[in-house]
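A structural walkthrough
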Amino acid sequence: MRKLLALHDAPRPHWVGDGFPVRSMFSPQTHGAAVSPFILLDYAQPFEFAPATQKRGVGVHPHRGFETVTIVYAGEVDHRDSTGNGGHIGPGDVQWMTAASGILHEEFHSAAFTKNGGVMEMVQLWVNLPAKDKMAPPGYQTLLDAQIPSVDLPNEAGRLRVIAGEYAGARGPARTFTPINIWDVRLKAGAKAEFNLPEGHTLALLTQSGSVKLEVGRSAGPSQFALYAREGGAIAIEAESDAKLLLLSGEPINEPVVQYGPFVMNTEGEIRQAITDFNAGKFGDINAFA
């Protein structure tokens, strides 16, 4: 079995724009290469928004050098970017944006959600790109709930949705640059499940709700993040109550990482170039597609 290296409590929440109260479960500043190929994981716990007339969210901003993966559990989010792509995602849907050589985008609550209010819950994950792909053309994938395969776990333990990678012969719809598994897991109270991930992969687990036993004497509760060793075999999880989990695994990218705000590159010189290119308008014009 893989060794559990660390179990982290959720840090204090902060706002991204005025629409997303998130807790950064890991980031380059807290975990660095230990979570490669992943960079950052923001979890927006369930939050009740009152009806409003003005849409809440994050205005136009740039990215370069990585991908953003937004998973919506409750609420609705609209996306628009400088390549002309856009999308509307609701519960169960996923937005996978490849910033790569550079993109401008915005994310807001949908008009209907703004008008009616309600509970918003979502995750945004940043996935690094290898140096050879950082300047690839930007792209966008809308992965609707109906496109994401859902698999019954053995012994009626629960269900697993395969957003990226593969589980029990079911392949996720996401196109990725490096080998990655992103699994949305539901476990029933009292159930036990084992998950086998590739040897050498980074392996992390976010408990969103409920409580799960990870090893003797160590349990994870809501908004706790577990990091496992890259060596070893399966992990065993026992649900102490109904639980919602996000399981991440991926092949590490063994290259330098330099992050400056919305840019993630390999050198400081590349960061300076990203800033220069952004200021020169080379990330496109989002208003051209209004």
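Okay, so let's go over this structure. (Residues numbered from 1 in each chain as written. Predicted model: local features only at pLDDT ≥ 70, side-chain atom pairs only at ≥ 80, totals over all residues. Heavy atoms only, no water.)

1. Quick notes on the overall build of the protein chain
Quick note on the threshold: Helix and strand assignments come from DSSP, with helices taken as H or I runs of at least 4 residues and strands as E runs of at least 2, each series counted from the N terminus. What the globule rule says is 2.2 Å times the number of residues to the power 0.38, and the radius of gyration is computed from C-alpha atoms. Categorising residues by exposure relies on relative accessible area from a 1.4 Å probe, with only protein chains included: less than 20% of the type maximum marks a residue as buried, more than 50% marks it as exposed, and the intermediate range marks it as partly exposed. Contacts between residues were defined by any pair of non-hydrogen atoms, one from each residue, lying within 4.5 Å. For the accessible areas, the method is Shrake-Rupley and the probe is 1.4 Å, while residue cover comes only from the protein chains on display. All tallies of charge rest on Lys and Arg as positive and Asp and Glu as negative; His and the ends of each chain are not included. Note on charges: their place is set at NZ of Lys, CZ of Arg, CG of Asp or CD of Glu.
What the protein chain contains, in helices and strands, is two helices and 26 strands. The C-alpha atoms of the protein chain give 19 Å as radius of gyration, which agrees with the globular expectation for 290 residues (19 Å, within 12%). Along the longest, intermediate and shortest principal axes, the C-alpha atoms of the protein chain span 55 × 45 × 35 Å. Split into buried and exposed, the 290 residues of the protein chain put 54% on the buried side. For the protein chain, long-range pairs separated by at least 24 residues make up 72% of all intrachain contacts whose partners lie at least 6 apart in sequence. Carbon and sulfur atoms provide 52% of the accessible area of the protein chain, an area that totals close to 12200 Å². Taking the average place of the 24 positive charges on the side chains of the protein chain and the average place of its 31 negative ones, the gap between the two points comes to 1 Å.

2. Remarks on the pairing of strand E18 (residues 192-195)
Our working definition: Pairing between strands requires that DSSP locate at least two bridges from one strand to the other.
Here E18 shows one buried face, formed by Ala 193 and Phe 195, and one open face, formed by Lys 192 and Glu 194. Where E18 and strand E23 (residues 235-239) come together, four bridges link them in antiparallel fashion. Along E23, the bridge assignment pairs Glu 194 with Ala 236.

3. Notes on the pairing of strand E19 (residues 202-209)
Counting buried positions along E19 gives seven out of eight residues, so the element sits mostly inside the fold. As defined by bridge partners, E19 adjoins strand E24 (residues 243-250) across seven bridges and the pair is classed as antiparallel. Pairing of Leu 203 across the sheet is with Ser 249, part of E24. When E19 meets strand E22 (residues 224-228), the two strands line up antiparallel, connected through five bridges. The residue bridging Leu 206 from the neighbouring strand is Phe 225, located in E22.

4. Things to note about the sheet that holds strand E4 (residues 38-49)
Put simply, the rule is: Fitting a line to C-alpha atoms yields each axis, with helices limited to the stretch in contact; the angle taken between N-to-C directions then spans 0 to 180 degrees.
Across the sheet, seven strands lie side by side as E2-E3-E4-E11-E6-E9-E12; this open sheet has antiparallel pairing. Two strands bound the open sheet, and with one partner strand each, they are strand E2 (14-16) and strand E12 (139-143). Adjacent strand axes in the sheet meet at a mean angle of 25° when their direction is disregarded. Bridge count between E2 and strand E3 (residues 20-26): three bridges; the pairing is antiparallel. Following the sheet pairing, His 14 is matched in E3 by Val 22.

5. Concerning the environment of Arg 161
Applied cut-off: Whenever a nitrogen or oxygen atom comes within 3.5 Å of another N or O atom, the pair is scored as a polar contact, on the condition that within protein one atom can donate a hydrogen and the other can accept it, and that pairs from neighbouring residues in sequence are kept only if both atoms are in side chains.
If you trace the backbone, Arg 161 turns up in strand E14 (residues 158-164). The spatial distance from the C-alpha of Arg 161 to the C-alpha of Arg 186 is 8.7 Å, given a sequence separation of 25 residues. Beyond its immediate chain neighbours, meaning those up to four positions away, Arg 161 contacts Gly 92, Asp 145, Ile 148, Pro 149, Ser 150, Ile 182, Trp 183 and Asp 184. Polar side-chain contacts of Arg 161 include one of 2.7 Å to the side chain of Asp 145.

6. Focus on the side chain of Ser 110
Positionally, Ser 110 belongs in the loop between strand E10 (103-109) and helix H1 (111-116). With near-sequence residues (within four places) excluded, Ser 110 lies in contact with Lys 55, Glu 76, Val 77, Asp 78 and His 88.

7. Concerning the pattern of salt bridges
Here is the rule we go by: We count a salt bridge whenever a side-chain nitrogen from Lys or Arg sits within 4 Å of a carboxyl oxygen from Asp or Glu.
All told, the structure shown has eleven salt bridges when counted by the stated rule. Put simply, Arg 159 and Asp 152 hold a salt bridge, and the shortest N to O gap is 2.1 Å. In this structure Asp 152 comes out as exposed when scored by relative accessible area, which is 53%. One salt bridge connects Arg 171 with Glu 166, and the closest N-O pair in it is separated by 2.9 Å. We classify Arg 171 as exposed; its relative accessible area is 56%.

8. Quick word on the sheet that holds E22
The strands making up a sheet associate through backbone hydrogen bonding, with each pair oriented either parallel or antiparallel. Reading across the sheet, the seven strands line up as E1-E22-E19-E24-E17-E14-E13 and stay open at both edges, with antiparallel pairing between neighbours. Each having just a single partner strand, strand E1 (4-8) and strand E13 (150-152) make up the two edges of the open sheet. With strand direction ignored, the average angle separating the axes of adjacent strands in the sheet is 20°. Of the pairings in the sheet, the one linking E14 to strand E17 (residues 180-187) comprises six bridges and is antiparallel in character.

9. Description of the packing of aromatic side chains
Basically, it comes down to this: For Phe, Tyr and Trp, where Trp contributes only its six-membered ring, two rings pair if their centres lie within 6.5 Å, and the inter-plane angle classes them as stacked under 30 degrees, edge-to-face over 60, or tilted in between.
Summed over the entire model, instances satisfying the criterion amount to eleven aromatic pairs. When the centroid spacing of 5.4 Å and the interplanar angle of 85° are considered together, the rings of Trp 15 and Phe 47 count as edge-to-face. Separated by 32 residues along the polypeptide, Trp 15 in strand E2 and Phe 47 in strand E4 bring together distant segments of the chain. With a relative accessible area of 31%, Phe 47 lands in the partly exposed category. Taken together, the aromatic side chains of Trp 15, Phe 47, Phe 49 and Phe 113 make up a single cluster linked through ring pairs.

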